[in-house]
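Chain by chain, the residues:
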Amino acid sequence: MSGERRPAAVTCTAPINIAVIKYWGKRNEELILPINSSLSVTLHQDQLKTTTSAAASRDFKEDRIWLNGREENINQPRLQSCLREIRRLARKRRSGSEEESTPCILSYRVHICSENNFPTAAGLASSAAGYACLVYTLATLYGVETELSEIARQGSGSACRSIYGGFVQWLMGERDDGKDSLAQQIAPESHWPELQVLVLVVSAERKPVGSTAGMQTSVETSPLLKHRAEAVVPDRVKEMCEAIRQRDFERFGQLTMKDSNQFHATCLDTFPPIFYLNDISRCIIHVVHLFNTYYGQTKVAYTFDAGPNAVIFCLEQTVDEFVSALRCCFPPESNGDMFLKGLPAGPAVLSKELKMAMDMEPRPGGIQYIIITKPGPGPQLVEDPSLHLLGKDGLPK
Ligand code: DP6
């Protein structure tokens, strides 16, 4: 390919986020409008991220997409919504501007290539990072700067929150066209430097019921979900915002656990019921409560999405001791050295009293590994061209 015919290419990364007030249920399936507001913490991309490259060229015959090394169908409706909306905004931005006379990459087809640095099947929120990254990368390619959370929302609801770093609220909005259903940062990642996050990978299996189908059945059948959306979440979101602003871990942790439990209660209230937690998830819940009871305060808090993996929040000074407690309760099986990934955790000697308080039957191998991370920033542009996922020919490297 000659110099000037090289594709215009951009590479970006985007984070996953974990909801502390859960989104579950849509009032509009196509636009992905939720029945309640939600709130999340964006996790650091040093540990968990999606990378996406997008290139446009007059040589490309059609739009194409590769996800984690495999070509996928670009005609999937949610992908099409994101592509269409970004192109619509790019056209709007261009019309009337001087750029209009210059050759326009908008008339070219795009190639998109995306990879996660974590196993997709591990049940971590890959769709949130994936769609946030897709939208951010296409927006950068076409020079679009606004409405990104609204567009990412149309790929996957929780993706709208991954457009921002730190602590993020997704306002449910009221309008039928979804223009007011968007994410907002409530505090940057630097706001609470002591806060750390442990991702406990329990099972790398795919979830039995995906969130899209699961929440649809819940909306149709669960009276508890309706009550939750109308009477519980509005006050909880306000309280959670306050707990975060004040860096009040006691309140933050309690609300996080209660909201996770209520979300899983709505799954049980769905008919037929949906079970995302397994035996190990329930053991983790038990361990957290034993630990907190021993200290007489909320030192660690759990939350679970649509799968058995736990996400634990705690302050930095608690990490070493809680990880040691987890090692006791869930002795690592074969991969002792690979048990901890991400930020470092030092060894901690558990006191005899704490060991006694945590008295439970050990579950060897129950936790496969732990990723230690912290709140992090939103999507980033990758400047280094050697990190692009598409080669000069526009195909995956
Ligand atoms: C349990 O965003 O994956 O993780 O909008 O249908 O793509 P769709 O669903 P998705 O649902 C996430 C649900 C959750 C809670 C949350 O992240 O708020």
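An unreviewed UniProt entry annotates the chain as Diphosphomevalonate decarboxylase originating from Geotrypetes seraphini. On record in UniProt, under Catalytic activity (unreviewed entry), the comment for the chain is "(R)-5-diphosphomevalonate + ATP = isopentenyl diphosphate + ADP + phosphate + CO2".

**Some words on the overall build of the chain**
Across its full length, the chain carries nine helices and 17 strands. Radius of gyration (C-alpha) of the chain: 22 Å, near the 21 Å computed for a compact globule of 397 residues. Summarising its shape, the C-alpha atoms of the chain cover approximately 75 × 45 × 40 Å along the three principal directions. Burial statistics for the chain: of 397 residues in total, 48% are counted as buried. Excluding contacts between residues fewer than 6 apart, the proportion of contacts in the chain whose partners are at least 24 apart in sequence is 76%.

**Thoughts on the domain arrangement of the chain**
How large an interface is tends to be reported as the accessible area lost when its parts come together. What the domain assignment reports for the chain is domain 1 (3–188 + 380–387) and domain 2 (195–373). On a C-alpha basis, the centres of domain 1 and domain 2 stand 28 Å from each other. Taken together, the contact pairs 26 residues of domain 1 with 33 residues of domain 2. At the level of secondary structure, the elements contributing two or more residues to the side of domain 1 that touches domain 2 comprise β2 (17–21), β5 (38–42), β10 (167–170) and β11 (183–187). A per-class count over the side of domain 1 that touches domain 2 returns 17 nonpolar, seven polar and two charged.

**Some details on the site of the ligand**
As a structural note, the neighbourhood of the ligand is formed by 15 residues, with A19, Y23, S156, G157 and S158 the closest of them. Here the residues of the shell around the ligand sort into six nonpolar, seven polar and two charged. Mapping the shell around the ligand onto the domain boundaries places at least three of its residues in each of domain 1 (3–188 + 380–387) and domain 2 (195–373).

**With respect to the environment of E71**
With respect to the helices and strands, the residue E71 is situated in strand β8 (residues 70–72). Between the alpha carbons of E71 and C113 there is a distance of 8.7 Å; along the sequence they are 42 residues apart.

**Regarding the environment of N73**
Its place among the elements puts N73 in the loop between β8 and α1 (77–94). Spatially, the C-alpha atom of N73 lies 29 Å from that of D46, the residues being 27 residues apart in sequence.

**Some thoughts on the nonpolar core**
Counting residues in hydrophobic clusters, the biggest one holds 105 residues, and the most contacted among them are I86, A132, V135, L200 and I312. Per-element accounting of this core gives the leading share, 12 residues, to helix α2 (residues 126–142). If you count residues domain by domain, this core takes at least three from each of domain 1 (3–188 + 380–387) and domain 2 (195–373). Once residues lying within four places of it in the same chain are set aside, the contact partners of A132 are A14, A152, A159, S162, I163 and P379.

**Topic: α1**
Its 18 residues give α1 an end-to-end C-alpha distance of 25 Å, which sits within 8% of 26 Å, the value for a rise of 1.5 Å per residue. Those residues of α1 not exposed but buried are L79, C82, L83, E85, I86 and L89. An end-on view of α1 places all buried positions within 165° of arc, on one side of the element. Exposed and facing more than 90 degrees away from the buried side of α1 are P77, R84 and K92. Where α1 is buried, its residues contact β7 (64–67), α2 and α3 (148–153).

**Considering the sheet that holds β10**
Here four strands make up an open sheet; going across it, the order is β2-β5-β10-β11 and the pairing antiparallel. Strands with a single pairing partner mark the edges of an open sheet, and in this sheet they are β2 and β11. When the angles between neighbouring strand axes are averaged without regard to direction, this sheet yields 35°. Of the pairings in the sheet, the one linking β10 to β11 comprises four bridges and is antiparallel in character.

**Thoughts on the packing of α1 against α2**
For the pair α1 and α2, the least separation of the axes is 10 Å and the interaxial angle reads 25°. The orientation of α1 relative to α2 falls into the category roughly parallel. Handedness of the α1/α2 crossing: right-handed. Every residue of α2 that contacts α1 at C82, L83, I86 and A90 is listed here: Y131, L134, V135, L138, A139 and Y142. When its residues are assigned to classes, the contact of α1 with α2 shows 10 nonpolar, no polar and no charged.

Here is what the cut-offs are and how they apply
- Residues numbered from 1 in each chain as written.
- Predicted model: local features only at pLDDT ≥ 70, side-chain atom pairs only at ≥ 80, totals over all residues.
- UniProt positions renumbered as here; feature names shortened; annotations may be inferred.
- Helix = DSSP H or I, 4+ residues; strand = E, 2+ residues; numbered from the N terminus.
- Rg over C-alpha atoms; globule rule 2.2 N^0.38 Å.
- Buried ≥ 20, exposed ≤ 12 C-beta atoms within 10 Å, placed from the backbone.
- Contact = placed C-beta atoms within 7 Å.
- Domains from an automatic or database assignment.
- Nonpolar A, V, L, I, M, F, W, Y, C, P; charged D, E, K, R; others polar.
- Near = placed C-beta within 6 Å.
- Core = buried A, V, L, I, M, F, W, Y, C linked by C-beta atoms within 7 Å.
- Expected span 1.5 Å × (residues − 1).
- Arc of directions from axis to C-beta.
- Pairing = 2+ DSSP bridges.
- Axes fitted to C-alpha atoms, helices over the stretch in contact; angles between N-to-C directions.
- Parallel < 35°, antiparallel > 145°, perpendicular 65-115°, else oblique.
- Left-handed = near helix turned anticlockwise from the far one by under 90°.

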